[in-house]
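# Observations on chain architecture
These are the residues of each chain, in order.
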Amino acid sequence: MGFADQRFNVNLSILFTELPLLERPAAAAAAGFTAVELWWPWIDSPTPEQSELDALKSAIEDAGVQLTGLNFYAGRLPGPDRGALSVPGEESDRFRANIDVAADFARSLGCTALNALYGNRVEGVDPAEQDRLALENLVLAARAADRIGAILLVEALNKPESPLYPLVSAPAAIAVVDKVNEATGLGNAKFLMDLYHLSMNGEDLPQVIDAYAAKTGHVQIADNPGRGAPGTGSLPLEELLDRLAKAGYDGWVGLEYKPGDDRSAQSFSWLPAEARAAR
């Protein structure tokens, strides 16, 4: 086993960002990949003009790549925000306005995984109130995902880089997944296991994999330290992905790392060209 046995996709919100958004799908295809994922691309608009949605859809289709994952609106990302769904007021309203827009866009491209970032704690707001609002919004998102035959992803981030984000461990994210599934009865909420974030939190990654592979709907990787490509840090990513496969995970592995000083196309030397196309 090893990297060549995985199904990789490229996150176009962190890789190929030296290019305009509409040129990135073709760049990923030129690098040999056949699948991509995205954060919500319009950070200032949960409901962009249809022409903007159509242009991105065409760029993905024309490049011949599959969109396998999409974030719901998450505020300024990259930036100070880490989601909107637990933030009372305007941000929660923006998230709700985005739910069907994102779901319908995903359905138009056959994308079956939607990621809902929880959002930061807000000074002066009771955390219990934020958690109540979060569950309401996650239930709405799970139902929208179910409507298009998709799963809803809940992600743990890392505390050093996201100190106001409350889900900074695998158990914390899993607890939310379980609450959403209990509330909806749909069973389509899953854990997004980002090995970089979990390693930054000091978690025992083999233990996390063994405990939660069955509840995992998507995996993302970057090396640590540095959030660079595999091989630039010290994480045994090849071994960890093999362990995930042995634990029964057969889904996508998102490449969500920083390319460093090189252009993105030069950051894939760790992965043989023949192993980049999804199988």
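In what follows, the structure referred to is the one given above.
Worth saying up front: this structure is predicted, and the values here are computed from it rather than measured.

Analysis parameters
Residues numbered from 1 in each chain as written. Predicted model: local features only at pLDDT ≥ 70, side-chain atom pairs only at ≥ 80, totals over all residues. Heavy atoms only, no water. Helix = DSSP H or I, 4+ residues; strand = E, 2+ residues; numbered from the N terminus. Rg over C-alpha atoms; globule rule 2.2 N^0.38 Å. Buried < 20%, exposed > 50% of the residue type's maximum accessible area, 1.4 Å probe, protein only. Contact = heavy atoms within 4.5 Å. Areas by Shrake-Rupley, 256 points an atom, 1.4 Å probe, with all protein chains shown as cover. Lys, Arg positive; Asp, Glu negative; His and termini not counted. Charge placed at Lys NZ, Arg CZ, Asp CG, Glu CD. Axes fitted to C-alpha atoms, helices over the stretch in contact; angles between N-to-C directions. Parallel < 35°, antiparallel > 145°, perpendicular 65-115°, else oblique. Left-handed = near helix turned anticlockwise from the far one by under 90°. Nonpolar A, V, L, I, M, F, W, Y, C, P; charged D, E, K, R; others polar. Salt bridge = Lys/Arg side-chain N within 4 Å of Asp/Glu carboxyl O. Core = buried A, V, L, I, M, F, W, Y, C linked by side-chain atoms within 4.5 Å. Pairing = 2+ DSSP bridges. Right-handed = clockwise from strand over helix to strand, strands pointing away. Phe/Tyr/Trp six-rings, centres within 6.5 Å; stacked < 30°, edge-to-face > 60°.

For the rest of this paragraph, the subject is the overall build of the protein chain. Counting its regular elements, the protein chain contains eight helices and eight strands. In terms of C-alpha radius of gyration, the protein chain reaches 17 Å, essentially the compact-globule figure of 19 Å for 279 residues. Each principal axis of the C-alpha distribution contributes one length, and for the protein chain these read about 50 × 45 × 35 Å. Residues classed as buried in the protein chain amount to 55% of the 279 residues present. Sequence separation of at least 24 residues holds for 76% of the intrachain contacts in the protein chain that already meet a minimum separation of 6. When the accessible area of the protein chain is evaluated, it comes to approximately 11400 Å², of which 49% is carbon and sulfur surface. Both charge centroids of the protein chain, one from 23 positive and one from 39 negative side chains, sit 3 Å from each other.

Closest axis-to-axis distance for the helix H4 (residues 127-147)/helix H5 (residues 170-184) pair is 10 Å, and the angle between their directions is 65°. If you check the angle between H4 and H5, you find them roughly perpendicular. The way H4 lies across H5 gives a crossing that is right-handed. Two secondary-structure elements touch here, H4 through Leu135, Leu138, Val139 and Ala142 and H5 through Val176, Lys179, Val180, Ala183 and Thr184. Residue composition of the contact of H4 with H5, by class: seven nonpolar, one polar and one charged.

Let's shift gears to the pattern of salt bridges. With the rule as written, the count across this model stands at 14 salt bridges. Ionic pairing is found between lysine 57 and glutamate 61, a salt bridge with its closest N-O pair at 2.7 Å. In this pair, lysine 57 and glutamate 61 both sit in helix H2 (residues 50-63), four residues apart, roughly one turn of the helix. Residue glutamate 61 is classed as partly exposed on the basis of its relative accessible area, which comes to 40%. The salt bridge involving glutamate 129 is made with arginine 132; its shortest N-O contact spans 2.6 Å. Here arginine 132 and glutamate 129 lie together in helix H4, a separation of three residues that amounts to about one turn. Exposure remark for glutamate 129: the relative accessible area of 34% places this residue in the partly exposed category. Residue classification places arginine 132 among the partly exposed positions, given a relative accessible area of 39%.

Counting residues in hydrophobic clusters, the biggest one holds 91 residues, and the most contacted among them are Phe8, Phe16, Met193, Leu255 and Phe268. When near neighbours in sequence (up to four residues on either side) are disregarded, leucine 255 contacts Phe8, Asn9, Val10, Asn11, Ile14, Leu15, Phe33, Ile221, Phe268 and Trp270.

Another point: the pairing of strand E1 (residues 7-11). Burial analysis of E1 places four of its five residues in the buried class, the great majority of the element. In terms of strand pairing, E1 meets strand E8 (residues 252-255) through four bridges, oriented parallel. Within E8, the position partnered with arginine 7 by the bridge is tryptophan 252. As paired elements, E1 and strand E2 (residues 35-38) share two bridges and run parallel to each other. In the sheet register, valine 10 faces E2, and the bridge partner there is valine 36. For the handedness criterion, the β-α-β arrangement of E1, helix H1 (residues 24-30) and E2 is classed as right-handed.

A separate point is the sheet that holds E8. Spatially, eight strands are ordered E1-E2-E3-E4-E5-E6-E7-E8 in a closed barrel, and the strand pairing comes out parallel. For this sheet, the mean angle separating the axes of adjacent strands, direction not counted, is 30°. Taken together, the two bridges between strand E3 (residues 66-71) and strand E4 (residues 113-115) define a ladder with parallel strand orientation. Bridge pairing links asparagine 71 to asparagine 115 in E4. Those strands touched by helix H3 (residues 90-108) are E3 and E4, and its axis lies near 170° from that of E3.

On to the packing of aromatic side chains, then. Given two aromatic rings, their pairing is described by the distance between the two centres and the angle made by the two planes. This structure, assessed with the given rule, holds eleven aromatic pairs. Between phenylalanine 16 and phenylalanine 268 the ring centres are 5.9 Å apart and the planes differ by 35°, which places this aromatic pair in the tilted class. Of this pair, phenylalanine 16 sits in the loop between E1 and H1 while phenylalanine 268 is found in the segment after E8, placing the two residues 252 residues apart along the sequence. The burial state of phenylalanine 16 is the same as that of phenylalanine 268; both residues are buried.

Purely spatial values, then, with no claim about function.
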